[in-house]
Structure formats: structure tokens, C-alpha cells
Amino acid sequence: MNPPSFLSNQRIMFFSLAITTVALNVMATIGATPPTNTIRNDHPLIYYHGRWDSSPGTWWAGSGLKLHIKNLETLTLNLGPHTTVPLAAAGVSINYQDFFTVNVSAGANNIPIPASLHSSAVKTSVVRINVEGWQNNRMNLESITLNQKAELLPYAPSKLAFQFIGDSLSAGQFLPEGVDQAWPFLVGEHFKAEHTVIAQPGAALSDVVSFGNVHGVSFQFFRTEDTGFFFTTDHNFTTPWNFSRDHPAFTHLVIHIGANDAAQSITNASFVQVYLDFLTRLRTIYPHQPIFVFTPWGWPNADGSIGQYFQGQYQIIVNERVASGDKNIFLVDTTGWVTFADVFPDNQHPNVPGHAKIAGKFEAWLEDWGLTPETRWATPI
């Protein structure tokens, strides 16, 4: 006997509903956002380096953060409204591999994680992120989003920490990857050290207006902000830098500066005095650390000649300090380090191979002096 027609209709409706439910569940599963773990910007295990303001936002090329993460699969930087518009170029290194560029802007920014990391036996990772540029270099960190199983671990900094001070010749101006390809950055990496670069293109050491900089490095070094503050509508002021935030305290200071003082017609006597006053002030913060004073390598020309400035004055500066009792200051004579082949022909600034050459020269100089590179990074992977 055939069942009543209304029962057949109910069965058809039941099976249709069941199929529809299964289909919706499958679609929901496919489209669901994987669970995540959000790290606030005040988390104590975020290792900030360089100069950050209270927003928190970066200033000066090379400033950034380092993360030690267990079970890392995905990482997103969530940046706020003080981030450079339309974007800031950030250098990213994962597990101490070469840095690559990620352009970041306000909002969510996915940081590419190599697929090989997911399947490898390595369960902890170190992610290093810094701004590359001497301008357009502001990252305003709001939070970091990780995959749900990821766990933030303490980052142990290296016991070596370099503070580099300079101008465009140290800031990586004109380089495709900015400061990440500049000789100070490369030296820090070679020694497996922490490193901060306080360098501003166009700035003199003397506190004078120079090529768009309203202050010289002798003033700006002691501020959180670089001289770009002057052109920034949402942060048009400077704040004193709290040097206790530099962790670890810098173990070695390197200074290469003076080109823009010469361009602004600062006299030899004035330059020497400004430099000596600057060193005196540095010694109130870094009383015993070695200070390395670079002589200029000059401006190489196509005919093989070198345009020099303040010749002999750097030796006078170091001699004056030594005579005053400072036994931990050293002159680094860079004569002959840079030729016309090592610079961009149109601006005489070191090109990428030129910066690598300078780094190699100084690395060898430091090793001859007695500084040995660390055998491994302090935070293992």
C-alpha cells in the first residue's frame, strides 16, 4: 500500500531541509575566520627598539620591534591613524634571515610568514620589523594579531648594542631598502648586535637650519622625534628622549657626521667646539662606552679626486678628549674607503655595494681593535 501523499511530502521536506542545513554548515566552515590571538601594544613581551613616541609610533630610520613567538603561523600588524599616509616601508626578517620589504599603512597589515615555517621542526620564531626610511617612517602600533596557538615569549637582546649617529651617509638615503642596506645596519647585523641609527639626511651636527632640517643633530639626538616632526601635522612638536628606555644600554657609540656643517660654512673652530660639546654631553649618558669618531671618506669624483672637508679637525677633537682624560675614544680613519665606483654618480652618496664595502672595512677595523662578533643571536630559534 502506498503511504498517504502528505507523508511523502513531509519526507521530501525533511530531506531537503537536512541537505540545506549540511550545505550551510559546510559553507560556514569554509568561510569562517580562524580564531586568533590579539596582543595589545602595551604587552611587556613586545621588544621595542629605536625611538617610539607615546602613541606608540616610530621616529628615525631603523626603529621598530622584535617578537619571539612559539607556534607562529600568521602575524598581522594593526596600525593606527598616526601611521604614514599612504604607507611606510617596513623591513621584516624572520629567524634572522635577510630583511625584505613590506609596505604598511593604517589598518591591518599581514606580514608574510614562509610556508616552510609551518611544517618545520622549528617551533619558535624571531620576527624583526623596522621602518626603513628616514622620512615617511611612522608606524603607529595598536595591536598585533597572531594565530590562536601562537604564544609570545621573552626576547633576549644581544649583549652588544651599537648606537650610530650621523646624517644621510649613515641613514641609507637613496638606497632601495633604506637604512636596512646602510653600513651601520650591516655592521650591527655582522656582530649579531642590537643597533639603533640616529641619523638625519641634510642635518648638520651644529644646531643650524640645514637642507630642510630645523635643528642639528646636537639638538635632535636628545629628542624622541627626528627632524621630520616640523612637517608633521599630527605631531608638530618634540619631546625629550628617555635614555633609560634604551635596553640594553648601548655598549659602543659610532659617529660619522660633518658633511652638512661644511655645506653650511661652519668654520673649523666652530665645528670642533660643537663636536666637543656634543661629546661632553654624550659622556653624561654613556660615561665609559667606547666612542668611535669617523673621519670623512669625502665626496668621490669621476676623475679620481676626493672632495674633503674639515681635514685634520677630527684628530684634534679626539686629541682634545684624550687630553681631558677620556681614554675610551678612538679615531677611525676612513681615508680611501670610498671611491667613485662606490657611490651614485649624481649625488656621490654610497650605493648598495658601497655601503657593504664600508661595513666590511669597519667590521675589520673593529675586529682588529678587539671586538669579536657574537657566535649566535641571543634569542634562539
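Structure: above.
All of the points below concern the structure found in this document. (Residues numbered from 1 in each chain as written. Predicted model: local features only at pLDDT ≥ 70, side-chain atom pairs only at ≥ 80, totals over all residues. Heavy atoms only, no water.)

### Digging into the overall build of the chain
- Helix and strand content of the chain: nine helices and 17 strands.
- Against the compact-globule benchmark of 21 Å for 381 residues, the chain has a radius of gyration of 27 Å, which places it well outside the compact range.
- Considered along the principal axes of its C-alpha atoms, the chain spans approximately 115 × 45 × 45 Å.
- A buried classification covers 51% of the 381 residues belonging to the chain.
- Accessible surface for the chain amounts to roughly 17300 Å². Of this, 57% is attributable to carbon and sulfur atoms.
- Side-chain charges in the chain split into 20 positive and 29 negative, and the spacing between the mean points of these groups amounts to 11 Å. (Helix = DSSP H or I, 4+ residues; strand = E, 2+ residues; numbered from the N terminus. Rg over C-alpha atoms; globule rule 2.2 N^0.38 Å. Buried < 20%, exposed > 50% of the residue type's maximum accessible area, 1.4 Å probe, protein only. Areas by Shrake-Rupley, 256 points an atom, 1.4 Å probe, with all protein chains shown as cover. Lys, Arg positive; Asp, Glu negative; His and termini not counted. Charge placed at Lys NZ, Arg CZ, Asp CG, Glu CD.)

### A word on empty space enclosed by the protein
- Under the defined criterion, the tally for this structure stands at one cavity of 30 Å³ or more.
- By volume, the largest cavity is sized at about 70 Å³.
- For the lining of the largest cavity, the leading source of residues is strand 8 (residues 124–131), giving three residues.
- Within the lining of the largest cavity, the residues separate by chemical class into three nonpolar, four polar and three charged. (1 Å grid on protein atoms, 1.4 Å probe; cavity = no way out; pocket = protein on both sides within 12 Å on 5 of 7 lines; lining within 4 Å. Points joined across faces, edges and corners; volume = space filled by probe spheres on them. Nonpolar A, V, L, I, M, F, W, Y, C, P; charged D, E, K, R; others polar.)

### Re the nonpolar core
- Grouped together as the largest cluster of nonpolar side chains are 66 residues, with contacts concentrated most on W183, F221, Y275, L282 and F362.
- In terms of residues, this core owes the most to one element, helix 7 (residues 268–285), which gives eight residues.
- For F362, the residues in contact, after removing those within four places along its chain, are F164, W183, V187, V254, F292, F294, V332 and W337.
- Of all hydrophobic cores here, the second largest spans 28 residues; its members include L65, L117, I129 and I144. (Core = buried A, V, L, I, M, F, W, Y, C linked by side-chain atoms within 4.5 Å. Contact = heavy atoms within 4.5 Å.)

### A word on the sheet that holds strand 4 (residues 75–79)
- If you walk across this open sheet you meet the four strands as 1-9-4-7, and the pairing is antiparallel. On the outer flanks of this sheet lie strand 1 (36–40) and strand 7 (107–111), each paired with one strand and no other. Averaged over neighbouring strand pairs, the angle between their axes works out to 25° when direction is ignored. (Pairing = 2+ DSSP bridges. Axes fitted to C-alpha atoms, helices over the stretch in contact; angles between N-to-C directions.)

### Quick look at the pattern of salt bridges
- One pass over the full model with this rule turns up seven salt bridges.
- The salt bridge partner of R283 is D326, with a shortest N-O separation of 2.9 Å. In this pair, R283 is assigned in helix 7 and D326 in the loop between helix 8 (313–323) and strand 17 (329–332), connecting sequence segments 43 residues apart.
- A relative accessible area of 11% means that R283 is categorised as buried.
- By relative accessible area, which is 7% here, D326 ends up buried.
- Across the salt bridge formed by R321 and D326, the nearest N and O atoms sit 3.0 Å from each other. The same class applies to R321 and to D326, which are both buried.
- Residues joined in a network through salt bridges with shared partners are R283, R321 and D326. (Salt bridge = Lys/Arg side-chain N within 4 Å of Asp/Glu carboxyl O.)

### What to know about the packing of helix 7 against helix 8
- At a minimum axis distance of 10 Å, the contact between helix 7 and helix 8 shows a crossing angle of 40°. Considered as vectors, helix 7 and helix 8 are oriented oblique to each other. For the element pair helix 7 and helix 8, the recorded crossing hand is right-handed. On helix 8, the residues that touch N268, F271, V272, Y275, L276, L279, T280 and R283 of helix 7 are Q313, Y314, I316, I317, E320 and R321. (Parallel < 35°, antiparallel > 145°, perpendicular 65-115°, else oblique. Left-handed = near helix turned anticlockwise from the far one by under 90°.)

### So, unusual backbone geometry
- Following S55, the chain continues to P56 via a peptide bond in cis, the omega torsion being -10°.
- Along the polypeptide, P56 turns up in the loop between strand 2 (47–52) and strand 3 (58–70).
- Of note in this structure, F174 is not a glycine but carries a positive phi near 80°.
- As for its position among the elements, F174 is in the loop between helix 3 (168–171) and helix 4 (183–190).
- For F174, a relative accessible area of 41% gives the class partly exposed.
- A positive phi angle, close to 50°, is found at F211, a residue other than glycine.
- Along the polypeptide, F211 turns up in the loop between strand 12 (194–199) and helix 5 (217–220).

### Details of the layout of surface pockets
- Estimated volume of the largest pocket: approximately 350 Å³.
- W134, Q135, N136, G228 and F231 are, among the 21 residues lining the largest pocket, the residues nearest its centre.
- Broken down by class, the residue content of the lining of the largest pocket amounts to six nonpolar, 13 polar and two charged.

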